[in-house]
Structures are given as structure tokens and as C-alpha cells.
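Report on the structure
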Amino acid sequence: MIKKLLVIGLISSSLCAEVEYMGNVSLEMRSFTHDLSNKRDHSVALRLETELKQEFDNAQVVAKIKAIYDKDDNSRRYLDFNDLYYMHSFENSDILIGRSTVFWGALEFYNITDVFNTKDLLDDPFDYNSKLGSWNITQTTYLEDSEISIMVKLHESNQKMQDAESVNYFLPLAYNDKLSSEEGEFRPTIFLKYSGYGEDVQIDYSIIYQNGYDSQRYLRVKDNKFQQNAYIVNKLLGFATLIDGDTIYKVEATYADSKSRQIDNYAQLGVGVEHTLYGFSNQRDMGLLVEYYRHESDQKSQSFFTNDLVLGLRVSMNDAASSSILAGLNIDLDNHEKIFIVKYDTRVYESYKLALSYQHMSPEEDSLFQKLDLVKLEFGYYF
Amino acid sequence: MKKMILISMLSVSLMALSSIEIAKKSDKATDGFESSISKTQMTLINARGQKSVRDMIMKTLEGEDGDKTISVFLSPADVKGTKVLGWEHLDRDDDQWLYLPALKRVKRIASRNKSGSFMGSEFSYEDIGNQNYKKYKYDDKIEVVKLDGLECYKGIRVPKDRYSGYTKQITWVDTKDFLVRKIEYYDRKKELLKTAIFSKYKKIDGVWRMGKIEMTNHQSDKSTTLVWIEDKIKTSLTKRDFDKRVLKK
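Residues numbered from 1 in each chain as written. Chains lettered and ligands numbered in written order. Predicted model: local features only at pLDDT ≥ 70, side-chain atom pairs only at ≥ 80, totals over all residues.

1. Considerations on the overall build of chain A
The following threshold applies: Strands are runs of DSSP state E lasting at least two residues, helices are runs of H or I lasting at least four, and both sets are numbered from the N terminus onward. In this setup the radius of gyration rests on C-alpha atoms only. A globule is expected at 2.2 Å times the number of residues raised to 0.38. Residues are scored as being in contact if the C-beta atoms we place from backbone atoms lie within 7 Å.
Secondary structure summary: chain A contains one helix and 23 strands in total. In summary, chain A has a C-alpha radius of gyration of 21 Å against a globular reference of 21 Å for 383 residues, a match within 12%. Partitioning the intrachain contacts of chain A with sequence separation of at least 6 by distance along the chain shows that 52% fall at a separation of at least 24.

2. Section: the overall build of chain B
Put simply, the rule reads: Put simply, a residue is buried when 20 or more other C-beta atoms lie within 10 Å of its own C-beta and exposed when 12 or fewer do; between those, it is partly exposed, and each C-beta is set from the backbone.
From N to C terminus, chain B includes three helices and 16 strands. Taken along its principal axes, the extent of the C-alpha atoms in chain B is 75 × 45 × 35 Å. Looking at chain B as a whole, 33% of its 249 residues are labelled buried. Long-range contacts, defined here as pairs at least 24 residues apart, represent 45% of the contacts in chain B between residues at least 6 apart.

3. Focus on the sheet that holds strand β10 (residues 174-181) of chain A
Residues and elements named next belong to chain A. What counts, and what does not: At least two bridges found by DSSP between two strands are what make those strands a pair. Here, axes are lines fitted to C-alpha atoms. For helices the fit covers the stretch in contact, and angles between N-to-C directions go from 0 to 180 degrees.
Spatially, the three strands line up as an open sheet ordered β10-β14-β13, and their pairing is mixed. Looking at which strands have only one partner, the edges of the open sheet turn out to be β10 and β13 (218-222). Neighbour-to-neighbour, the strand axes of the sheet open up by a mean angle of 35°, direction not taken into account. Sheet topology note: the β13/strand β14 (residues 225-230) ladder contains five bridges and is antiparallel. Across the sheet, Tyr218 pairs through a bridge with Asn229, a residue of β14.

4. Observations concerning the nonpolar core
Using the following cut-off: To form a nonpolar core, buried Ala, Val, Leu, Ile, Met, Phe, Trp, Tyr and Cys residues must be joined through C-beta atoms within 7 Å.
In terms of nonpolar packing, the biggest core is built from 24 residues, with Ile22(B), Phe123(B) and Val173(B) touching the most fellow members. Elements supplying a minimum of two residues to this core: α2 (19-30), β1 (35-45), β9 (150-159), β10 (168-174), β11 (180-186), β12 (192-199) and β15 (212-217) of chain B. A total of three residues in this core trace back to one element, the largest contributor, which is β11(B). The residues contacting Ile22(B), other than those within four sequence positions of it, are Leu17(B), Ile142(B), Tyr153(B), Gly155(B), Val173(B) and Phe178(B). Listed in part, the 14 residues of the second largest apolar core include Ala106(A), Phe116(A), Leu237(A) and Val310(A).

5. Quick word on the confidence of the model for chain B
The predicted coordinates should not be examined in detail at positions where pLDDT is low. All names here are of chain B. The following threshold applies: A score from 0 to 100, pLDDT tells how confident the predictor is in each residue.
Averaged over chain B, the pLDDT score is 90; the fraction of residues at 70 or greater is 94%. When mean pLDDT is taken per element in chain B, β11 scores highest with 98 and helix α1 (residues 2-15) scores lowest with 48. Predicted confidence for residues 5-14 stays below pLDDT 50, and this span has three contacts to residues more than four positions away or in other chains.

6. Details of the pairing of strand β3 (residues 68-75) of chain B
All names here are of chain B. Where strand β2 (residues 51-61) meets β3, seven bridges bridge the pair, whose relative direction is antiparallel. Within β3, the residue paired with Thr60 across the bridge is Thr69. The loop that links β2 with its antiparallel partner β3 comprises six residues; one of these, Gly66, has a positive phi angle of about 140°. Where β3 lies against strand β4 (residues 83-87), five bridges are found, and the strand directions are antiparallel. Considered in β4, the bridge of Thr69 is made with Gly86.

7. Some thoughts on the interface of chain B and chain A
Convention followed: Ten residue types, Ala, Val, Leu, Ile, Met, Phe, Trp, Tyr, Cys and Pro, are classed as nonpolar, four, Asp, Glu, Lys and Arg, as charged, and the remainder, Gly among them, as polar.
Taken together, the contacts link 23 residues of chain B with 29 residues of chain A. Per-class residue counts for the side of chain B that touches chain A are five nonpolar, eight polar and 10 charged.

8. Regarding the environment of Tyr205(A)
Residue and element names in this part refer to chain A. By the secondary structure assignment, Tyr205 is in strand β12 (residues 203-213). Placed 35 residues apart in sequence, Tyr205 and Ala240 show a C-alpha to C-alpha distance of 4.1 Å. Not counting residues within four places of it along the chain, the set of residues in contact with Tyr205 comprises Ser195, Gly196 and Ala240.

9. Re α2(B)
Residues and elements named next belong to chain B. The criterion, for reference: Under the convention used throughout, the expected extent of a helix is 1.5 Å for every residue step, that is, one less than its residue count.
With 12 residues, α2 should cover 16 Å at 1.5 Å per step; its first-to-last C-alpha distance of 17 Å lies within 8% of that length. Looking at the packing, one finds that the buried side of α2 touches β7 (136-138), β9, β10 and β11. Count one or two residues on from α2 and you reach Gly32, which has phi positive near 95°.

10. Here's the deal with the environment of Ala102(B)
The topology assignment puts Ala102(B) in the loop between β5 (95-100) and β6 (105-108). Residues Ala102(B) and Gly129(B), spaced 27 residues apart in sequence, show a C-alpha to C-alpha distance of 27 Å.

11. What to know about the environment of Lys137(B)
Residues and elements named next belong to chain B. When you line up the elements, Lys137 lands in strand β7. Classification of Lys137 by C-beta neighbours within 10 Å gives exposed; the count is 12. For the pair Lys137 and Ile20, spaced 117 residues apart in the sequence, the C-alpha separation amounts to 8.4 Å. If near-sequence neighbours (up to four positions away) are discounted, Lys137 is found in contact with Arg157, Val158 and Lys160.

12. What to know about the pairing of strand β20 (residues 324-332) of chain A
Each regular strand displays side chains that alternate between the two surfaces of the sheet. All names here are of chain A. Here nine bridges tie strand β19 (residues 307-316) to β20, and the two strands are oriented antiparallel to one another. Across the sheet, Leu311 pairs through a bridge with Leu329, a residue of β20. Sheet analysis places β20 next to strand β21 (residues 338-348), joined by eight bridges and oriented antiparallel. From the neighbouring strand, Leu329 faces β21, where its bridge partner is Phe340. In textbook terms, the turn of a hairpin is the stretch between consecutive antiparallel strands, and for β20 and β21 this stretch comprises five residues, one of which, His336, has a positive phi near 65°.

13. Concerning unusual backbone geometry
Residue and element names in this part refer to chain B. With an omega of 0°, the peptide bond between Ser75 and Pro76 qualifies as cis. Summarising the element assignment, Pro76 is placed in the loop between β3 and β4. Phi is positive for Glu34, close to 65°, though the residue is something other than glycine. Relative to the assigned elements, Glu34 resides in the loop between α2 and β1.

In C-alpha cells form, the structure reads like this:
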């Protein structure tokens, strides 16, 4: 009810004032091929994503709405404000209060340092850019060639999942989406972030210290249901991008000192190279990507990207429709599990976008995941 | 006879300028704007005559070492809010960042590629960048020719940047105001690739500002028109308005 009132209020105020807006309404259709019993072989959903922004002299208010209506999955019918914040700018600093999403990282396929927001598994567990906004207060100070941020995340979000008939629900038992946490869901998580760039060398870098709840959570069975558990860490994170001519070098790394008896300390590393062949065929550009991910811990992890190699290809057509093709093959070097994805997207009649993708998963015996082929079509109107 | 002498003297006076001097004067005619805020519209026309429109706001800060620019895309709607920040350097690769609003991601991007298409148009990145005279070597041979009734210096310049998409450019510079009126671009195979016609110049606060560029690609039969809808110069923009911080706002 509160969310509905907020939407009505925002739309009314946007009609009255000079509110900037942008977004899209799209139809998402998915067809699955699998051998799983009691799982749907298709899904259809209507999506709305829109951002409203009101600027004042030295301030702005931003609201970003995401609404999904899935034809079959009742749990996937929701409306959320992942961004709803006030930001005030001073001479050399900003302060942000509210709910917001941020992006941290350098790599293309998966960002191990993108830990500020909880992932939105209800939307799409394989879309790592789909996130839940986090309530926070952030103060950023801008120096000559760098910036320092102090970010206080005020709340840990529950992470809902698609219903049991969805192929994206991969747990063997039922799931209780109420988060269990060591020190309560309102225990703040503090991030100190320093970012800078090179003067003569084309490099951007960030170093982050985190104290509070880890973005990773562990699952425990309680009352015959899986439940997520959040635990406290002291964590160091860093990421950097270096450009040398037509080649981009990327690195992301973390080290977590776990305060939980359930989870050991762990380290993660991701390195990548992207080389672009400009004008390889008329105006078209082709990017070749190689990324490697490593997760080191005394405990066995059942997540992706523990010892994984990703080979990627990106073709930008550089045409009026901004058409592009992105393909990636993820190989787990431990058990040879593979995921292949290819996506084509293009603009149609200026205001519409069409995206078509194919995903193939061929898991091994000890995997949580199942053999699956997915064809997804998205057609959206942008405004 | 007097008339003949006068014409002959005028030619001598015109010819007395070297190609580098013409290039410097041409630069000077459009320099001195300090900073600018422009609203532009780019119309892409394919070989079948179908049109596609892009709108953007470009902010520029004039600098000794090269200009700083930030371009904000307003349309098509799916790229609305996308920003490109560029810091030009005369002695090394430029710094460039791209902001993707849907992901809230700032990406440093490679800038060495100069020949790539800008937003799918017939303009390349080097066409829309600063045309500082120091970026070219000049052929000594200069002709005075007529172009649509205007008397122009016709000369040849060769980009110094080895990553340029062009082997040479033939330029037509107005003899009166030293404004560039036309450029022919020759590709790496030394074949004529594109022609740009520059028009609708207007003087704002004593500085000549371009109003329209029509770029025709002779090899693909596509063309792109870039029109300045609004143009303000000597604005209050400072170096701070071109910091990375502005990308996320």
C-alpha cells in the first residue's frame, strides 16, 4: 500500500514539476528445455523500469521503480524502489540519504567486488546486475585526483526466490526467505572506499574496507526449509582497470576475515583482458575477452566462479540501431561444468528494443544446477 | 590594366600565406570560446533515405593541452542519460570514460581508436574531436579556388596520429574569414571515403561557431547531418564540471 501511494505521489509530482524521467516497459518471454519434473517450460512477464529525477540548486531526489508481473509465478509479481534517495552536493563533497544501488567492479561477466547491494534473485538469478537497493547514508569527499567515501548500510535485505515450479528455483527443499543474521538485520555495515586514477597512465582503481555483514550468505536447514544466514566479516576489496592502446586489463580481488564459526576466511581473485579489433569488418568492432575467477577457502563452495575461465566475444555493429552480439562460455575448471550464453540486441523504430538470448547449462553430477536450455526474448518500449 | 594589376596583387597576397599559417588562422577563428554548452541533433540517413535521430548536450572546456568534453545523450530513449567524458591530450592517448545509467557503471574506455563510428553515424571519433592544427602535417601546395561562390584556400593535410583512419584530408578554407567550408577524407586505402560540408556559421561574442555539418560517406551512400540547435559560449563552466564525479549525477 505504501509503495502504491509512493508511485501515485511520484507520478503526480512528476506531472506538476520539471521531473526528468526515463525508463522502459517490456515484455519478457522465456522458453526452457529441461528434464525436470514439476517445473514450467516457459514464462511470460511484463516489466516496468523507470527513473524519476528532480534537481534543485545543489541537490537532487531520485526514485527508481522496478515492477514485474509474471503470468504464472505469483511470487514474481512485485513493485520495488531500488533507488529512492536525496543527495545534496557541497563544494567538494556529496551526501546521500536513502535507498540506492551502486556498481563496483571492473570485469565483464561477474564482479566479485560488487558487494554493496543484495542481488535480486526473484527477478533473475543469472542477471548479476539485478540488485535490491540498500538503505544507506553515504558521504563522498572529492580530492584533486581521487575521492573518499564513507558508506553506512543500515539494513540487510531478505532475498526472495522464484517459486518452486520455476527452473530458477534450484534448491532441493522449500525456502524461507526471512534472513537470519548474527547481530540483527539493522546492524550497520560500514564501507570505506578510496578511488583514484592515474595522470600519465590510463588506470582507474578503488580500494574498499568493509566491516559488517558479508554479501555472501550461507544456507542452513531450519524446520525443513532452507534459510539464508548473514555473518560478520572484516573485508578488503579492490578493483582496477588499466588501458594500453586497444587492450584493457582488469582485476578484482577480495579477502574476507570471517567472524562466524560457520564460515572460514576466504579470498577471491578475478583477472581479465579485453582486446578490441576496431573496424574488423567495415565499421564493426570485435572485442575478445578472457576472464579467470578463483575462490580460495578451506570450505568447499557450491557457488559459481570458484575456479572458472570465461571466454567471451563482443561484436558491435556500429549501425544506426546500435546492434550488438555478446557471447560467453564459462568453464568450471574443477568439474568441467559449462554455461554458454549468447545475446543479440538491437533498436527497432527508435523507441523500441529487441533482445534475444540463448543460454545452455551443462552441469556435472555434484552441482546444484540442472541441465537446461533457455531461449529468452525481450521486447521493450523506451521513453 | 589597373584592374589586372590589382587582381594579380591580390593573388600574390593570398598566396603569400603558407598552409600552416592558414591552418593557424583557421584555428584562431573558432578558438577563444573558453567553454561552451551546446544542444545538438544528429540525423542519420541510410542509403534508402530512412532517418534516425539522436539528440545530445555537449559541454566543452577549452584547454592548452587539449579540450575537455562531456556529452550527454538525450535520445534515442534507450541511451538517454548515457554520458561520455573525454580529456584530450596532444601528446598521448586521450582519457575517456563512459557512464551507463541503467547499471550506474562508470567504465574507462579505450580512446586510441579514432576511426570508429560515433553513435552509428558517419562521423568518426576523430571527426567530432578537437581539430587543433598541431594534429596535422601540411602540404606546401595551396590553391585558391571557388566553392559555391566563396573563394577558398584548397590544401592538403595529413593526420600525425598513426591511429587515424585517414591518410589525407583535402580542406577548403574561406579566404575571408578562415572558416573551414569543406573537407574530403581519404581512407587508409587512399580512396575518397567521406565529404563534410560546414555551414550556418554564426559569430557569438566574437567567436565563429559552426551551425551545421553534412557528412556524406561515398562508399556506403549513407550520410549524417549534425545541427547545433542551441549554442552558448564563455559559460561559467570550470575544470570541476569535467571531473569524473559529474558522470554519476
